[in-house]
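Topology and contacts: notes
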Amino acid sequence: MAQESPTFSPLYRQIKTLILQALEAGEWRPGQAIPSEQELAARFSVSQGTVRKAIDEMAAENLLIRKQGKGTFVASHNDPRALFRFLRLVPMDGDLSHPQSVPLDCWRAKAGQEASRMLGIELGAPIIIVRRLLRFAQKPVVVDEIYLPGDVFPGLTFEALQDWNGSLYSLFETRFGLRMIRAQERIRAVAADRSTSEALKVPEGTPLLSVERVTYTYGDKPVEWRRGLYSTAEHFYLNELN
C-alpha cells in the first residue's frame, strides 16, 4: 500500500500560521499595530519578503489592515469599514448608514441537537440565545435568532445588549475578546409567519430571505450560529465574487 506524501507548506504560509497563533493568543489585540516586517523577520529568522507575503495574504483575508505610513494593524470590528463585511444587505437607494440593532430578548438554555452540531459543543451544553431586530432608517428589516456557546460569552445579558451602541460583533470583540474571522451562510426563500410578520411589519406570507450563518473565530472554531429573516422590499443581498 502506497504511503501518502507529507503535505508541503510554503514558508510564508508557515509564517502566516505563526502570526495567526500569536493573534489567537492575544499577543496583539484588535486595532493594535503588529511589529514591523523587519522585526517579524528577525523573530522568525526569515526574510522580510517572506513576512511581507504572509502579511499580504492576511490583509486580503481582512485579518490585518495596512495603513499607509503608519504600519499594519490587527483588523477590528470597531472599524466602521468592517460592518458590511458580514452584513451583506444593502439599501436599494445606496445609503450605507449604519443600521440600528434592537435586542428583543436574551435567555439561557441548553444546546439541542442542531445547536450542538452547528456550534461543535456537547448536547445539553449551556448556550445563550439572542433575538434581535435590525433597523435601517428606523424601518425593521432583519430579525435574527442567534445561538452562542455559554462558556464563550459569560455575563452576556439583555441589559448589556441594550446598553451597547455598536454592532454585535464589536460588542463580542470589546467585552469578550472574540474576533469573528469568517462565516458560512446558507440562503433560501421563505414566507413570513405570523411572528416574523409582526416583527418586520410585513403581511403574513410575504417572501423573505432566510440567511443561516455559522461564524468562526481563530482556529476555525465555531462561536455563533444565527438564523436571520430579511425583508428585501427595499434592500438586496450583495455578494462580491473575485
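An unreviewed UniProt entry annotates the protein as GntR family transcriptional regulator of Azoarcus indigens.

With that out of the way, let us pick up the sheet that holds strand S6 (residues 139-149). Ordered in space as S4-S5-S6-S9-S8-S7, the six strands form an open sheet in which the pairing is antiparallel. Two strands close off the open sheet at either side, each with one partner strand: strand S4 (100-110) and strand S7 (182-191). For this sheet, the mean inter-axis angle between neighbouring strands, taken without regard to orientation, is 15°. By the bridge criterion, ten bridges tie strand S5 (residues 126-136) to S6 in an arrangement that is antiparallel. Of the residues in S6, the one forming a bridge with Ile129 is Tyr147. Of the strands in this sheet, S4, S5, S6, strand S8 (207-217) and strand S9 (221-230) are in contact with helix H7 (residues 168-176), which crosses S9 at around 155°.

Turning to helix H3 (residues 48-60), a few remarks are in order. Compared with the 18 Å implied by 1.5 Å per residue over 13 residues, the 18 Å span of H3 between its first and last C-alpha is a close match. Buried within H3 are the following residues: Thr50, Val51, Ala54, Ile55, Glu57 and Met58. Seen from one end, H3 has its buried residues packed into an arc of 160°, which puts them on one side. Buried residues along H3 sit against helix H1 (11-24), helix H2 (37-44), strand S1 (64-67) and strand S2 (71-74).

Parsing the protein into structural domains produces domain 1 (11-74) and domain 2 (80-237). The C-alpha centroid of domain 2 is placed 30 Å from the C-alpha centroid of domain 1. Tallying the contact residues gives eleven residues for domain 1 and eight residues for domain 2. Of the roughly 720 Å² buried at the junction of domain 1 and domain 2 (both faces included), carbon and sulfur atoms supply 59%. With three residues, H1 is the single largest residue contributor to the side of domain 1 that touches domain 2. Here the side of domain 1 that touches domain 2 is composed, by residue class, of six nonpolar, one polar and four charged.

Here we take up H1. The terminal C-alpha atoms of H1, which comprises 14 residues, lie 20 Å apart, in line with the 20 Å expected from a rise of 1.5 Å per residue. Turning to H1, its buried residues number three or more, namely Tyr12, Ile15, Lys16, Ile19, Ala22 and Leu23. Taken end-on, H1 shows its buried residues confined to a sector of 120°, consistent with a single buried face. Tucked into the core, H1 has its buried residues touching H2, H3, S1 and S2.

In globular proteins that are soluble, nonpolar side chains generally tend to be buried together. Counting residues in each nonpolar core, the largest one holds 19 residues, and the members touching the most others are Ile19, Leu23, Trp28 and Leu40. Those elements that place two or more of their residues in this core are H1, H2 and H3. When near neighbours in sequence (up to four residues on either side) are disregarded, Leu23 contacts Trp28, Met58, Leu64, Val74 and Tyr218. Formed by 18 residues, the second largest nonpolar core is a distinct cluster that contains Phe86, Phe153, Leu156 and Phe176.

Rules behind the numbers
Residues numbered from 1 in each chain as written. Predicted model: local features only at pLDDT ≥ 70, side-chain atom pairs only at ≥ 80, totals over all residues. Heavy atoms only, no water. Pairing = 2+ DSSP bridges. Helix = DSSP H or I, 4+ residues; strand = E, 2+ residues; numbered from the N terminus. Axes fitted to C-alpha atoms, helices over the stretch in contact; angles between N-to-C directions. Contact = heavy atoms within 4.5 Å. Expected span 1.5 Å × (residues − 1). Buried < 20%, exposed > 50% of the residue type's maximum accessible area, 1.4 Å probe, protein only. Arc of directions from axis to C-beta. Domains from an automatic or database assignment. Buried area = accessible area lost by both parts, 1.4 Å probe. Nonpolar A, V, L, I, M, F, W, Y, C, P; charged D, E, K, R; others polar. Core = buried A, V, L, I, M, F, W, Y, C linked by side-chain atoms within 4.5 Å.

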